[in-house]
Structures are given as structure tokens and as C-alpha cells.
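# What the coordinates show
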Amino acid sequence: MKRFRLHTAASVVLAAALALTGCSGGGGNEAKPSSDPGNNNSGGNQAGGGQQVTLSMHSWRVEDTEGYAKLIAAFEAENPNIKIDFKPFKATEYNTILNTALQSDSGPDILQLRPYATGAALATAGYLEPLDNLPGLSSIPKEVLAGATGKDGKVYGVPLTLSTTQFFYNKKIFDDNGVSVPKSWDELIAASKALKEKGIIPISFGAKEGWLLSLSHGVIAPASFTNGYMDKLLKGESDLKSPEFLKSIQRMQELIPYFPENFVGLELNDMRTLFATGKAAMFINGSFEMEGIKKLNPDLQLDFFPMPTDDGKQVITTWVDGSYAVNAKSKHKAEALKFMEFMTTKKFGELYANQFKMISPIPGVSAADPLVNRLTELTQTNATPYLMIVHFSEGNPTTKKTLENALQGMYLNKLTPEQVVDEVQKSAATWFEPFKK
């Protein structure tokens, strides 16, 4: 399998963005960093024999509980003396719950790690066990490991998945109404108009949850990021008040007529249901939604298309979406590290890819679902980074959060696109070093 490409040729490598945060950063008291896995000083029993050990494992994916049970069962079958107690929390509450637990030394043995700066912050605070000596880790591409690498250059998590965002669409609705897959922005607008005229909601969209707005922007924005704009932006030769970035916000506004009525009050569950039940023709969201959509409607003729760009190309937005890490203060590090090693295997990668219809970061893994394999191929040939997570997720509040709040303001008719970019640029200018030249 080819190495994952998480950025275009004109983009800097992800390793340069290790200090950027995807969500809230870890805080609290500093803890002393623990030793590397190769020098394990755990007081727990060594994996492979002895009395049974139960590991606590926390996640933000409540909806994946059933699937995780199957992954964990496969591990436990090979390691009968290790049991894993999987406990997920609501995604929007996970960071706070985890940080509080780690600060009070009551954190789980194994924890799902937010990508980029959030994970790096927990590592800096000494809460995570370095994994550089973990068997199997070296098979994962460095640009993927970058999502779980600390400021000290050490790896603290085993990447779980490479996520993508794109337009999903209902093939039957498109075919029945003579609508073709858009190959340009103008064609996207034309298709949306044609669908609306026939009484079909063109795009299932909601503005109640801010993270969905930055995610949707991550899909739409690269269409106008042509002529080397990304390189210029990351070097500080351009900024977020540029014509290219402004155009991306204007396009978010231009799509309003094609959203459902009262879209400002809709959340993810509403959006997913509208699309899965055939009431909406398109759905801007992540690859992590495919399993849920199919569960709601196994007969849905689901397909996707990458974002058509203004220079006649197509791009798919990608990022490393979470890893699993070991608590530096776990009493059962050896057993926890055994599960980390399991995560680096092709067996785990295939189980995960097929169970959740997601892209595995493990080389050589293919899935039974052809859509997953198509997405995998596009990450190797047509990828662009999720800008607000990979490069602009620092600050207080983060620039990512600032964009989300400003877009909500725009959808409530309180801000213009020009005011949105002003807010975003002001946020980034407080911390983004290239803007301080």
C-alpha cells in the first residue's frame, strides 16, 4: 500500500503542525514523564500469564460501543488474562471528563487521544506513556504518526483512523432526477437548484453544532485554495483575510438556499436522518458517518464525490482522527501496551476497517466496502489537510472554535462573510508565528 498523503504537494508536512490543537487542550498539574515502554516500571502483571487484569479504556465514540466489543473480543481471545472495560462518553464532554480524571490520578489505563495539539498537550503534562519502542509502530507512516506526536518528538498514541470529509450523495435521487455528479462549483449550485425545484432538500445541513461548521468548511474551502495559496498561508505570505479564504466563507453563505428549513437549529442526528431517509440528496460529512448511515438505511444507494476545485481538480479533506494512548500512571502498563501492539497489526486494521467502514492507517489493509477503498485511494492521490484542525487549532479560544462561532453568527444573520474572516484572522494573529513576521 502506498504511504498516506495527508497534504497536497504544495503543503507542508504534518509534522510541522504538531503543536496545533483539534479541541480543548489538556490542563492542570504537571506530572513527571514516565519511562519509555522498553523500560517499563509498571507494578502490574506482565501480559501473557499470571492473574487476570482488567484494563479501563475510555473513548468519545458512544455510537461505536457494539463494534468495539468485537475488536476487544478478538484481543481478549489472544490474551485471556487481560480483560478490557470499554467506557465511552459523549464526544462534547469527553475532553473535560478525561482531563479531570488525569489530573486526579484516576484516569483510564487506555484512553482515546484527540489529534494534534490536544494530545500533545497531555503528553507535555506528563500524562501519557511514550510509545516509540512499541513493536509494530514503525510500520505506520510518520506523517500519520504526526497526529499523535508530542512537542518532544516522541510518539504517544497509535493512530486509529485516517478520516476524510466529502459530499455524500444518494445515487437513486441523482439518477431519478437526471442530476450528474458536480465537477465544479457552478455545477454544484446548478444541481442544488434542480433538486430544490423538484421539492427535494439538496443538502442536509445543520448549524446547531459548531464543529460541523468547521468540518463543512474543511470540505468547501479547498475549492478556492488554488495557485499555491496554502503554501503562502502557512509561510505567512498570505493570511486569512485573503480573497481565497473570504471566497470560502462566501460560498458557505451561498449554499444557504439549499439547506433544510430551520437549519440553524438542526444537529448531526437530524442531518443524518434527513439524508438516510431519502429526504435530502446530499450530506457534507466525514467518513466516520458511513456506518451510521448504513445502519439507518441499509438499502440506501450511498456514494460520494470529492470537492471540485476552481482549477479543475478534485480534493478530499483528510486528517488523523484520534489515536489510543496509555496512561503514564496506569498500574497495568505492560497489559495496556500489549493492546497498543495489537492495534499496530494488520489483523486489527482489517477488523477496524470492516467493522466501522473506516480507513485504517495500517499499511496493506483493504476493506470489504468498495467506498472505503475508494476513499483510501483518494487519500493517497487527492488529499488536502483539514485546515482548522491540522494548522489552525491553537489559541484561546482556538482559531477553529472562533471560525465555528463566527459561522454560526453568519447563519443567524449577525455577521457578514467579511466580518467572519476578520474574527478568524484576529484569532490566528495572536499565536500563529508566520503571521507575526
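All of these numbers come straight from a predicted model, not from anything done at the bench. (Residues numbered from 1 in each chain as written. Predicted model: local features only at pLDDT ≥ 70, side-chain atom pairs only at ≥ 80, totals over all residues. Heavy atoms only, no water.)

Moving on: the overall build of the chain. In terms of regular secondary structure, the chain is built from 17 helices and 12 strands. Out of the 437 residues belonging to the chain, those deemed buried represent 58%. When contacts within the chain are restricted to residue pairs at least 6 apart in sequence, those whose partners lie at least 24 apart make up 78%. For the chain, the accessible area works out to roughly 17300 Å², and carbon and sulfur atoms hold 49% of it. (Helix = DSSP H or I, 4+ residues; strand = E, 2+ residues; numbered from the N terminus. Buried < 20%, exposed > 50% of the residue type's maximum accessible area, 1.4 Å probe, protein only. Contact = heavy atoms within 4.5 Å. Areas by Shrake-Rupley, 256 points an atom, 1.4 Å probe, with all protein chains shown as cover.)

Counting buried residues along strand β10 (residues 314–320), six of its seven residues qualify, which places the element largely inside the surrounding structure. Pairing geometry for strand β9 (residues 307–308) and β10, over two bridges, is antiparallel. Bridge pairing in β10 places Met 307 opposite Val 315. Between β9 and β10, which pair antiparallel in sequence order, lie five residues; one of them, Gly 312, sits at a positive phi of approximately 80 degrees. Of the strand pairs in this sheet, β10 and strand β12 (residues 383–385) are connected by three bridges, and their pairing is parallel. Within the sheet, the bridge partner assigned to Thr 317 lies in β12 and is Thr 384. (Pairing = 2+ DSSP bridges.)

Spanning 13 residues, helix α16 (residues 399–411) covers 18 Å between terminal C-alpha atoms, matching the ideal 18 Å at 1.5 Å per step. Judged by how many residues are buried, α16 sits mostly within the fold: 10 of 13 residues are covered. Among the residues of α16, those classed as buried are Thr 399, Lys 400, Thr 402, Leu 403, Glu 404, Ala 406, Leu 407, Gly 409, Met 410 and Tyr 411. Its buried side turned inward, α16 meets α7 (210–220), α9 (243–254), α15 (387–390) and α17 (417–429). (Expected span 1.5 Å × (residues − 1).)

The space that makes up the largest pocket amounts to roughly 1500 Å³. Lining the largest pocket are 46 residues, and of these Trp 60, Ala 91, Thr 92, Arg 114 and Trp 211 sit closest to its centre. For the lining of the largest pocket, the secondary-structure elements that each account for two or more residues are α2 (91–103), α7, α10 (268–276), α11 (290–296), α13 (346–356) and α16. Here the lining of the largest pocket gets four residues from one element, more than from any other, and that element is α2. Of the residues in the lining of the largest pocket, the class split is 17 nonpolar, 13 polar and 16 charged. (1 Å grid on protein atoms, 1.4 Å probe; cavity = no way out; pocket = protein on both sides within 12 Å on 5 of 7 lines; lining within 4 Å. Points joined across faces, edges and corners; volume = space filled by probe spheres on them. Nonpolar A, V, L, I, M, F, W, Y, C, P; charged D, E, K, R; others polar.)

Take α10 next. Along an α-helix, a turn takes 3.6 residues, which lines up residues three or four apart on a common side. Every buried residue of α10 is listed here: Leu 268, Met 271, Arg 272, Leu 274, Phe 275 and Ala 276. On its buried face, α10 is in contact with β5 (162–170), β6 (201–204), α7, β7 (280–286), α11 and β8 (302–305). After α10 finishes, the residue Gly 278 shows a positive phi value of roughly 80 degrees.

This part is about the environment of Ile 110. Tracing the chain through its elements places Ile 110 in strand β3 (residues 110–113). It is 9.7 Å that separates the C-alpha atoms of Ile 110 and Ala 328, two residues lying 218 residues apart in sequence. When near neighbours in sequence (up to four residues on either side) are disregarded, Ile 110 contacts Leu 55, Ser 56, Met 57, His 58, Tyr 324, Ala 325, Ala 336, Phe 339 and Met 340.

One way to put it is that α9 packs onto α16 with a least axis distance of 11 Å and a crossing angle of 45 degrees. By the criterion of interaxial angle, the relationship of α9 to α16 is oblique. Note on packing geometry: the crossing formed by α9 with α16 is right-handed. Packed against α9, whose contacting residues are Ile 249, Met 252 and Gln 253, the element α16 presents Leu 403, Leu 407, Met 410 and Tyr 411 at the interface. (Axes fitted to C-alpha atoms, helices over the stretch in contact; angles between N-to-C directions. Parallel < 35°, antiparallel > 145°, perpendicular 65-115°, else oblique. Left-handed = near helix turned anticlockwise from the far one by under 90°.)

One finds Phe 245, Met 340 and Phe 392 to be the most contacted residues of the largest nonpolar core, which totals 118 residues. It is helix α12 (residues 333–343) that contributes the most residues to this core, six residues altogether. Not counting residues within four places of it along the chain, the set of residues in contact with Phe 245 comprises His 217, Phe 225, Tyr 229, Leu 240, Leu 387, Met 388, Val 421 and Val 424. (Core = buried A, V, L, I, M, F, W, Y, C linked by side-chain atoms within 4.5 Å.)

Let us look at unusual backbone geometry. Cis geometry marks the peptide bond from Asn 396 to Pro 397, where omega comes out at 0 degrees. Here Pro 397 is to be found in the loop between α15 and α16. Residues other than glycine seldom take positive phi values, yet Asn 227 does so here, at roughly 55 degrees. Looking at where Asn 227 falls in the secondary structure, it is placed in the loop between α7 and α8 (229–235). Even without a glycine there, the phi angle at Asn 413 is positive, about 65 degrees. Looking at where Asn 413 falls in the secondary structure, it is placed in the loop between α16 and α17. Exposure remark for Asn 413: the relative accessible area of 72% places this residue in the exposed category.

So, on to the side chain of Arg 251. Mapped onto the elements of the fold, Arg 251 is located in helix α9. Here Asp 310 takes part through its side chain, which lies 3.0 Å from a polar atom of the side chain of Arg 251. Not counting residues up to four positions away in its chain, the partners in contact with Arg 251 are Trp 185, Ile 220, Ala 223, Ser 224 and Asp 310. (Polar contact = N/O pair within 3.5 Å; in protein donor to acceptor, adjacent residues only side chain to side chain.)

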